[in-house]
Amino acid sequence: MIDHDAAAEAWDRYRRGEANAFSRRIYVGRGPQTFEEVRRRYRLDPEFHATVDRYVQEFERLLAEVRRDQQDDAATQTYLTSETGKVYTMLAHAAGRLG
């Protein structure tokens, strides 16, 4: 649902401080529809909202640990572009946490 290369590029741009690094163009196939559904549910369903927030917070905690333990961004980039990282990307994007 997320194009690997587009996601990697968006994360690079985001880390350089570029506003609006994430857009719907990172989504492929059913990705745009899924993104809109997640965004809608996040706004309307308190339980779903809480679940998304927990997932995002836990993934961000993991990223903080990786950054603390690694001297370069390669490990962080690997986590962000993994399948789990792509789930994080969609959830954080839909929740409005990526700018």
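Visitor: Got a minute to help me understand the nonpolar core in this structure?
Guide: In summary, soluble globular proteins display a tendency toward joint burial of nonpolar side chains. Within the largest apolar cluster, 25 residues are counted, with the highest numbers of intra-cluster contacts made by F22, I26, V52 and Y88. Mapped onto this core, the elements with two or more residues apiece are α1 (4–15), α2 (31–44), α3 (46–69) and α5 (83–94). With residues near it in sequence (within four places) discarded, Y88 still touches W11, Y55, V56, F59, E60, L63, L80 and H93.

Visitor: Where do I start with the packing of aromatic side chains in this structure?
Guide: Any pair of aromatic rings gets described here by the distance separating the centres and the angle formed by the planes. This structure, assessed with the given rule, holds six aromatic pairs. Measuring from centroid to centroid gives 4.6 Å for F59 and Y88, while their planes differ by 20 degrees, and the two rings are stacked. With F59 in helix α3 and Y88 in helix α5, this pair connects stretches of sequence that are 29 residues apart. Owing to a relative accessible area of 5%, F59 belongs among the buried residues under this scheme. Among the residues examined, Y88 registers a relative accessible area of 3% and is labelled buried. Taken together through their ring pairs, the aromatic side chains of W11, Y14, F22, F59 and Y88 make up a single cluster.

Visitor: Hey, could you run me through α3 in this one?
Guide: Owing to its 3.6 residues per turn, the α-helix aligns residues three or four sequence positions apart on the same side. The end-to-end C-alpha distance of α3 is 35 Å, a good match for the 34 Å that 24 residues give at a rise of 1.5 Å each. Here α3 has its buried residues at F48, V52, D53, V56, F59, L63 and V66. Looking at the packing, one finds that the buried side of α3 touches α2, α4 (74–81) and α5. Between the side-chain oxygen at the start of α3 and the backbone nitrogen of E47 there is a gap of 3.0 Å, and the oxygen is on D45.

Parameters at a glance
- Residues numbered from 1 in each chain as written.
- Predicted model: local features only at pLDDT ≥ 70, side-chain atom pairs only at ≥ 80, totals over all residues.
- Heavy atoms only, no water.
- Core = buried A, V, L, I, M, F, W, Y, C linked by side-chain atoms within 4.5 Å.
- Buried < 20%, exposed > 50% of the residue type's maximum accessible area, 1.4 Å probe, protein only.
- Helix = DSSP H or I, 4+ residues; strand = E, 2+ residues; numbered from the N terminus.
- Contact = heavy atoms within 4.5 Å.
- Phe/Tyr/Trp six-rings, centres within 6.5 Å; stacked < 30°, edge-to-face > 60°.
- Expected span 1.5 Å × (residues − 1).
- Polar contact = N/O pair within 3.5 Å; in protein donor to acceptor, adjacent residues only side chain to side chain.

It is worth stressing that arrangement in space is one thing and function is another; only the former is reported here.
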